[in-house]
Structure formats: structure tokens, C-alpha cells
Amino acid sequence: METDMKKRPIIIDTDPGIDDALALAIALFSDRLEVKLLTTVAGNVSLEAVTENTLKLLTFFGKKVPVAKGCAEPLLETFVDASNVHGKTGMEGYDFPAPDTAPLLEEHAVNAMRRVIMESEEPITLVPIAALTNIALLLKLYPEVREKIREIVMMGGSITRGNKGVMSEFNIGTDPEAAAIVFKSGVPIVMAGLDVGLKALVLPEDSEEILHMGKVGDMAYHLFKRYRGGSFGTGLKMYDSCAVAYLLKPELFTVEETYVEVELAGTVTRGCTAVDLKGYLRQKPNAKVCVDIDGEAFRVWFKQSIQACV
Ligand code: RIB
Ligand code: CA
């Protein structure tokens, strides 16, 4: 166990969500990350449901981390959930114990994030694995936090096609205005989009191994049976774990620094992340974009990480 390494302080903004659940497990059980706060935002399912799911996961994992509820809907876009992918509750497939609600703060997520960031001696890494509504409001309401944020390491966007719209990935497409604010903020960004998420697969043989990896493995297996982000039989997409994997094993990724702009006005391309790898827009880079992942090495890392959730 690497106990002498300083833990990297992070805040995860999340919408559990089956893939969120696994990303949260890996981050919470890692001895290299200090999860200072979990904030929730409407996305896969409603704000109430994702907040209850976050509390259920903390109770199940036996982890004590403050939770703050954020925005119930996007800044402008009409909210449409992804319950078709994650089930009505957002975490169908496993019967979690009743959540301990003690970690739930009265504070709004945006105010809690500001407090934690400003109180921290070390710059905080924000890890949004959901729509960027809370993050955008944080940056607009409290610009003083910008210099105390080390990086925003997000699951979101796509260099190519979408999974919510023709060209829009779900987290960006859920709140395009929020995403545009974040990409224009000047805060260092790492974008782990569909380009890597679609290759971050749990194959059937992996699921069978994971089933026997303690109670978190058993939970994962039963959630996977219900998860429609891919197929149990051919490969389940661990989108959100890519953001955590970047923090813990960045060598899994091929990364390019480039300019990213969120399309807001397109009638059929709204929510697209225009990743300008060829420099057509002649803009300075504003993000490190994960353009590829070693899928085989990810599978090994993912299983080792679930094994470590004890
Ligand atoms: O496009 C995938 C993203 O949308 C993931 O964060 C998943 O949990 C959903 O929120
Ligand atoms: Ca998510």
C-alpha cells in the first residue's frame, strides 16, 4: 500500500448512475485520492434520485464523505434523464441498504464546493462525471475559486459522434450552456470523452471475475446485469471510470492538447464538443483531450481497482 504518497484532494460531481457507482467506488477506496466532497446534479435520473443513490453508495461502501445536492435541471436545456440506460432508480439491479442521510449537507453543492476549495491548502481537482451545471455556476458565481482549482478532469464530450444526440455526448448535451462556460473558463481541463469511454469495456469474462471480488464486486456484477450502457454479453462501457483512471493511471491514455468549443446554436449539432485537432479555428488550446486508451490495460486496471475496494 503506498501510504507515504500525499493523497490528491478531489471533489466528484456525479449523477449515479451505474457507471458513476463504479467510478465512485474506485475513487473512494483509493489510497491515493482524498475525496473531500461529493456533489450531485440531475442527469442519469432526477436530482433527488441521484442524491439518494450517492448516499446509498456511501452507506454501502462504509465511507464518510460529505454530500451536497446541486442543480435539479440544466441552465437552459430541457432536462431529459437516462433512466432507459440506468433503470428507473438510476441504480437498478442491486438491493442497497437504506441510506444514512447524515452526510447530506444543508448547503447547495455550488456553495459547498466553493467552501471546500477556498479552505483547502492544496489546489483541488474537480472530477465532474455528469452534466456541468454545478461546475458552471461555481465558476460564474465564485470566480475566486479558479486559481485554487488544479484541474477539471471530466467524463464528457466526444471527438466524433454522440450518445445523446447525433453529435452530443450525454453529459455535455444535457447542459450545453454549462459546458460552454466551463470550456471557456480558462481553468485547466482534461476531457475523457466517448472516444475513450467506448473502449473502456468490461467484458463478460471480466464480469464473471468481478462477481467474486467481495461485496463491491458482487454489487458491480448485479448492476452490470441491468446496465444498458453497452451489453453484458459484448462489453459494458465504464465511461465515468475513465476520469478516475486518468487520475490514477494516466499512462492508459493518449492525450492531445487542443482547442474545444461547445456548439450551442446548431439545430442538429447543439451540445457537440468541437475538438479542433487540426487547428482550423486558430484558437489557443483550452483542454487536454484523451484521444485514445489502451483498452486491454484498462480492463486489468479496472479489475485490480475493484479488487482493492475492501
Ligand atoms: O455519456 C456518458 C455519461 O453520461 C456518463 O457520465 C454516464 O453516467 C452518463 O451520466
Ligand atoms: Ca455519470
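Residues numbered from 1 in each chain as written. Chains lettered and ligands numbered in written order. Predicted model: local features only at pLDDT ≥ 70, side-chain atom pairs only at ≥ 80, totals over all residues. Heavy atoms only, no water.

Q: Describe the overall build of the protein, naming the residues involved and giving the relevant values.
A: When you go through the protein residue by residue, the secondary structure sums to 12 helices and 13 strands. Since a compact globule built from 310 residues should have a radius of gyration of about 19 Å, the 18 Å found for the protein is in line with a globular shape. By principal-axis analysis of the C-alpha atoms, the protein measures approximately 50 × 40 × 40 Å. On the protein, roughly 12700 Å² of surface is accessible, and the fraction owed to carbon and sulfur atoms is 52%. (Helix = DSSP H or I, 4+ residues; strand = E, 2+ residues; numbered from the N terminus. Rg over C-alpha atoms; globule rule 2.2 N^0.38 Å. Areas by Shrake-Rupley, 256 points an atom, 1.4 Å probe, with all protein chains shown as cover.)

Q: Outline the site of ligand 1, supporting the account with residue identities and numerical values.
A: Of all residues adjacent to ligand 1, which total 13 residues, the nearest are Asp-19, Asp-20, Asn-163, Glu-169 and Asp-240. Side-chain polar atom of Asp-15 to an oxygen atom of ligand 1: 3.1 Å apart, as the coordinates give it. Note that an oxygen atom of ligand 1 is positioned 2.9 Å from one of the side-chain N or O atoms of Asn-163. Summarising the interface, the protein chains cover 97% of the accessible area of ligand 1, which totals 270 Å² for the free molecule. Considering only residue class, the shell around ligand 1 consists of five nonpolar, three polar and five charged. (Near = heavy atom within 4 Å. Polar contact = N/O pair within 3.5 Å; in protein donor to acceptor, adjacent residues only side chain to side chain. Nonpolar A, V, L, I, M, F, W, Y, C, P; charged D, E, K, R; others polar.)

Q: Summarise the packing of helix α1 (residues 18-29) against helix α11 (residues 241-248); cite the residues concerned and give the values.
A: α11 packs onto α1 with a crossing angle of 20° between their chain directions and a minimal axis gap of 8 Å. Relative to α11, the element α1 lies roughly parallel. Contacts between α1 and α11 involve Asp-19, Leu-22, Ala-23, Ile-26 and Ala-27 from the former and Ser-241, Val-244 and Leu-248 from the latter. A breakdown of the residues in the contact of α1 with α11 according to their chemical character gives six nonpolar, one polar and one charged. (Axes fitted to C-alpha atoms, helices over the stretch in contact; angles between N-to-C directions. Parallel < 35°, antiparallel > 145°, perpendicular 65-115°, else oblique. Contact = heavy atoms within 4.5 Å.)

Q: If you had to explain the pattern of salt bridges to someone new, which residues and values would you point to?
A: Applying the stated criterion to the full structure yields 18 salt bridges. Between Glu-151 and Arg-8 there is a salt bridge, with the nearest N and O atoms lying 2.7 Å from each other. Here Arg-8 lies in strand β1 (residues 8-14) and Glu-151 lies in strand β5 (residues 149-155), a separation of 143 residues in the sequence. For the pair shown, Glu-151 and Arg-8 are each scored as buried. Here Asp-292 makes a salt bridge to Lys-199, at a shortest N to O gap of 2.7 Å. Here Asp-292 is found in strand β13 (residues 287-293), whereas its partner Lys-199 is found in the loop between α8 (194-197) and β7 (201-202), with 93 residues between them in sequence. A relative accessible area of 28% means that Asp-292 is categorised as partly exposed. (Salt bridge = Lys/Arg side-chain N within 4 Å of Asp/Glu carboxyl O. Buried < 20%, exposed > 50% of the residue type's maximum accessible area, 1.4 Å probe, protein only.)

Q: Go over the sheet that holds strand β3 (residues 67-69) with me, naming the residues and quoting the values.
A: Strand order across the open sheet formed by eight strands is β3-β2-β1-β4-β5-β6-β13-β10, with mixed pairing between neighbours. Because the sheet does not close on itself, it has two edges, and the strands there are β3 and β10 (253-258). Recorded for the sheet is a direction-independent mean angle of 25° between the axes of neighbouring strands. The sheet contact formed by β1 and strand β4 (residues 124-128) spans four bridges and is parallel. Each residue of the ladder has a partner; that of Asp-13, found in β4, is Pro-128. Contacting β1, β2 (33-40), β3, β4 and β5, helix α4 (residues 109-119) runs over the sheet at an angle of about 160° to β2. This element, helix α5 (residues 133-141), spans β1, β2, β4 and β5 of the sheet and lies at about 155° to β5. (Pairing = 2+ DSSP bridges.)

Q: Outline the coordination of the calcium ion (ligand 2), listing residues and values.
A: The coordination sphere of the calcium ion (ligand 2), as far as protein atoms go, consists of Asp-15 (OD), Asp-20 (OD), Asp-20 (OD), Ile-129 (O) and Asp-240 (OD), spread over 2.3 to 2.6 Å. Donor residues binding the calcium ion (ligand 2) come from one chain and are separated in sequence as D-x4-D-x108-I-x110-D. Here Asp-15 is found in the loop between β1 and α1, whereas its partner Asp-240 is found in the loop between β9 (235-237) and α11, with 225 residues between them in sequence. In this structure, Asp-15 and Asp-240 share a single accessibility class: buried. (Donors = N, O, S within 2.8 Å, 3.2 Å for Na, K, Ca; no water.)

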